[in-house]
Amino acid sequence: MNDVSDWRRDGDTIRRTVVAPDFRTAIAIVNDIAEQAEAMNHHPDIDIRWRTLHLALTTHDEGGLTDLDFTLAARIDAIVAAHQA
């Protein structure tokens, strides 16, 4: 969890909330996350509320957290930073 310090553990899931500057940026972040998720074949749960994104990662097939979750979380962190959110 040290490498993804903006995430919090919630049982077998890690979660992060991101507030984008506006709705368009929030959607751009989601689109960039989707590209990474497809490339990794590992997909987060994403709840969009105007400019606020609630993200959750777990590996359902494994019944908990795996390296995939932490790798994707780090990639999401980079995406968020690139969008200055």
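Placed above this text is the structure.
## Some words on the sheet that holds strand S3 (residues 45-49)
1) Next: Spatial strand order, S1-S2-S4-S3: four strands in an open sheet with antiparallel pairing. If you trace the sheet from one side to the other, it starts and ends with strand S1 (8-10) and S3, each paired once. Going from strand to strand, the sheet's axes swing by 25 degrees on average, the running direction of each strand aside.
2) Next: As paired strands, S1 and strand S2 (residues 13-19) are joined by three bridges and run antiparallel to one another. Its bridge partner being in S2, Arg9 is matched across the sheet by Ile14.
3) Next: Strands S2, S3 and strand S4 (52-57) of the sheet are contacted by helix H1 (residues 23-40), whose axis makes an angle of about 170 degrees with S3.
4) Next: On the sheet, helix H2 (residues 67-82) packs against S2 and S4 and is oriented at approximately 5 degrees with respect to S2.

## Things to note about the side chain of His42
1) Next: Tracing the backbone through its elements, the reader meets His42 in the loop between H1 and S3.
2) Next: At a separation of 2.7 Å, a polar atom in the side chain of His42 contacts the side chain of Asp69.
3) Next: With residues near it in sequence (within four places) discarded, His42 still touches Ala37, Leu57, Thr58, Thr59, Leu68, Asp69 and Leu72.

Cut-offs applied
- Residues numbered from 1 in each chain as written.
- Predicted model: local features only at pLDDT ≥ 70, side-chain atom pairs only at ≥ 80, totals over all residues.
- Heavy atoms only, no water.
- Pairing = 2+ DSSP bridges.
- Helix = DSSP H or I, 4+ residues; strand = E, 2+ residues; numbered from the N terminus.
- Axes fitted to C-alpha atoms, helices over the stretch in contact; angles between N-to-C directions.
- Contact = heavy atoms within 4.5 Å.
- Polar contact = N/O pair within 3.5 Å; in protein donor to acceptor, adjacent residues only side chain to side chain.

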